[in-house]
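Here's the letter readout for the chains.
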Amino acid sequence: MEVSPVAPVAPKPLPEDREGRKEIPEGEGTELGPEGGSRSEQGTVVDGGEVTGDMEKSKEVIWVEWEENDPEDPYNFTARKKWTITCVCCLLTAITALTSTSFPMGNASMEADLHTSREMAALGLSGFPLGFAIAPMVLAPLAEELGRYTMYAISTFIYLIFFIPTALAENIATVIVSRIICGLAASCGSTIVGGTLADLFRASDRGPAMALFGLSTFSGTGLGPVMMGYVAQNLGWRYIQYIQTTNANTRSSGPVILKRRAAKLRKTTGDSRYQCRDAVARAGIVAVLKVSLGRPLQLLFTEPIVASISLWIGFCWGVLYLTLEAVSLVMEEVYGFNIGQCGLVFFSVIVGASIGHVTNRYQEKLYQKRVAKQGPEARLYAALVGAVLFPSGLFIFAFSQGRGHWMGPICGLVIIFASIFTIYVGVFNYLADVYTLYASSALSGQSLSRNVAGFAFPLFTFQMYDRLGFQWASFLSGCLGLALAPVPYILMAYGPRIRAASKFARGLEKIELKEEDAGSDTV
């Protein structure tokens, strides 16, 4: 353990780490969540932190810092340990995504059992992303204060418990409320996992881990209907809930480990000077929550980049949830599929995400080659292609229905989901690069928009497809996707000008200039 005596002044708020570390969400995600990966001198630091109490009375403060090659520093974990934790966390992400999308496979039997309508059953699906929209802005700061292990344990316990009232429900209201609470807790599968990966890997090494995180989100989304289609067909909707039980576990974040070290030293030595920089620089949990809840909305409604990207990715995510309902309608009524066969159609999500994952390697090569010249906009090359392929896939899905083999609309679905994957990853990385210090808030804003769309779209799916017809309803979605396709092209061409007019971007430039001075003052 390393300690550094310095004069008793509050440390200057620092942006991310000096290696370029940015706050990582959730997510969104995976649903990749807005969890930051802050450590000592890393992540968002709430203004107003000050040295108080005994520290003011002391002649100096002894900062508790990481030693070189400190074995408790998550950066220094062995590769095997890092990837074990990563795989367990990504498994949690996949399972929570699976929980979200497996539910509608049981809608038919639930409607008959609970004597409810299609629209009310759709609220059970919508309730889950509603929980994902609300929870991350609270879970992220709580995880930074209490440690990720604590939040994993609490969240997964609540997540598991609320399968029980869902499975035993005697009315649709119980199902809807239980699904919302389950979604609130399950959001840790995207919100906190992103922060865990940020604590484990330096920015230069994090690409493969984040790619696996994104792939697990989409794989779980596809596996839900695939696994539960035949369960719903043969056993009924209640057994979908009985089967879905899991748990996950990981270490606390770096700043929390240092904070606990400092507390232990104060207790064992009786010397109150031992402090953790991150704990001192941060304001109290109430102030952190105010920032966590307020700043994402401020960015969402005042920053053109966040607003336009949130509208775009929100629509894409809404179409993903709309498709969960639309596929069963189309494949059952046009091709005569049963529930189990409709579930197998969602292998298209996994195939599409795998294609997107492969193409992301080329995006990374382009980014490394052109980032020096283009800046954050070098993150958008794959998204440019995805913006065109997304409405194209919707058009193929629309006009191949009933005009040949059932593989026609499935090919359209593969294109849709491959494009959503590239858009999702591109949006995540672009916002993180543009807003650096405020990356967590920017990503929280787009996560809120994305999951609200995931909540809303299934509620009007049946009415839209009934009134417009299957082909024209899908065609309308394609037209809206085409209208939003220029978003990444506009950002590629005019992104630097837009950032120059942003007060947040100007503020970040000032902080980056101050960082050089802060670096010389840090002991």
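Residues numbered from 1 in each chain as written. Predicted model: local features only at pLDDT ≥ 70, side-chain atom pairs only at ≥ 80, totals over all residues. Heavy atoms only, no water.

A. Spatial organisation of the overall build of the chain. Helix and strand counts for the chain come out as 23 helices and 3 strands. Of the roughly 20,400 Å² of accessible surface on the chain, a fraction of 62% belongs to carbon and sulfur atoms. (Helix = DSSP H or I, 4+ residues; strand = E, 2+ residues; numbered from the N terminus. Areas by Shrake-Rupley, 256 points an atom, 1.4 Å probe, with all protein chains shown as cover.)

B. Examining the packing of aromatic side chains more closely. One pass over the full model with this rule turns up 17 aromatic pairs. A ring pair is formed by F457 and F460, whose centres lie 5.2 Å apart and whose planes are at 50 degrees; its orientation type is tilted. Highlighted residues: F457 and F460, both in helix α20 (residues 439-468), separated by 3 residues, approximately one helical turn. Put simply, the rings of F218, W317, F421 and Y424 touch in pairs and so form one group of aromatic residues. Across from the ring centre of W317, 4.8 Å away, lies the NZ or CZ of R450, which sits over that ring. (Phe/Tyr/Trp six-rings, centres within 6.5 Å; stacked < 30°, edge-to-face > 60°. Lys NZ or Arg CZ within 6 Å of the ring centre and 35° of its normal.)

C. Main features of the confidence of the model for the chain. Per-residue confidence for the chain gives a mean pLDDT of 76; residues scoring 70 or more make up 70%. Low pLDDT, under 50, characterises residues 246-256; the predicted model gives this stretch 46 contacts beyond four residues in sequence or across chains. Within the model, pLDDT remains below 50 along residues 518-523, and this stretch shows 13 contacts once partners closer than five positions in the same chain are excluded. (pLDDT = per-residue confidence, 0-100. Contact = heavy atoms within 4.5 Å.)

D. How the structure looks around the side chain of T101. Among the structural elements, T101 can be located in helix α2 (residues 79-102). Beyond its immediate sequence surroundings of up to four residues, T101 is in contact with G220, T221, G224, P225 and L324.

E. Expanded view of the nonpolar core. By size, the foremost hydrophobic cluster in this structure holds 111 residues, and its most contacted members are F218, W312, F390, I420, Y435 and Y465. With 19 residues, helix α15 (residues 304-335) is the largest single contributor of residues to this core. Discounting residues that sit within four places of it in the chain, W312 has contacts with A383, A387, I423, V427, L484, V487 and P488. F132, F163, C182 and A185 belong to the second-largest nonpolar core, a separate cluster that totals 8 residues. (Core = buried A, V, L, I, M, F, W, Y, C linked by side-chain atoms within 4.5 Å. Buried < 20%, exposed > 50% of the residue type's maximum accessible area, 1.4 Å probe, protein only.)

F. Geometry of the side chain of N107. Relative to the elements of secondary structure, N107 occurs in helix α3 (residues 107-114). Assessed through its relative accessible area of 5%, N107 is described here as buried. Residue contacts for N107: discarding those within four places in its chain leaves A121 and E325.

G. A look at the packing of α15 against helix α21 (residues 470-484). Contact geometry of α15 with α21 gives a least axis separation of 11 Å together with a crossing angle of 165 degrees. Classed by the angle they form, the pair α15 and α21 counts as roughly antiparallel. Every pair of crossing elements has a handedness; the one defined by α15 and α21 is left-handed. Between α15, through L311, W312, F315, L329, V330, E333 and V334, and α21, the contact on the second element is made entirely by F470, S477, L480, G481 and L484. Residues that form the contact of α15 with α21 fall into these classes: 9 nonpolar, 2 polar and 1 charged. (Axes fitted to C-alpha atoms, helices over the stretch in contact; angles between N-to-C directions. Parallel < 35°, antiparallel > 145°, perpendicular 65-115°, else oblique. Left-handed = near helix turned anticlockwise from the far one by under 90°. Nonpolar A, V, L, I, M, F, W, Y, C, P; charged D, E, K, R; others polar.)

H. Representation of helix α18 (residues 381-399). Over its 19 residues, α18 runs 28 Å from end to end, which matches the ideal 27 Å to within 8%, given 1.5 Å per residue. Here α18 has its buried residues at Y381, A382, A383, L384, G386, A387, F390, P391, G393, L394, F397 and A398. (Expected span 1.5 Å × (residues − 1).)

I. Representation of a nonpolar patch on the surface within the structure. On the surface, a nonpolar cluster with roughly 940 Å² of combined accessible area is contributed by I154, F157, I158, I161, I164, L168, L235, Y239, Y242 and I243. Contributions of two or more residues to the nonpolar patch are made by α6 (148-161), α7 (163-168) and α11 (237-243). With 4 residues, α6 is the largest single contributor of residues to the nonpolar patch. Structurally, L168 can be placed in helix α7. (Patch = residues over 30% accessible without salt bridge, like charges linked within 9 Å, V, L, I, M, F, W, Y side chains within 5 Å. Salt bridge = Lys/Arg side-chain N within 4 Å of Asp/Glu carboxyl O.)

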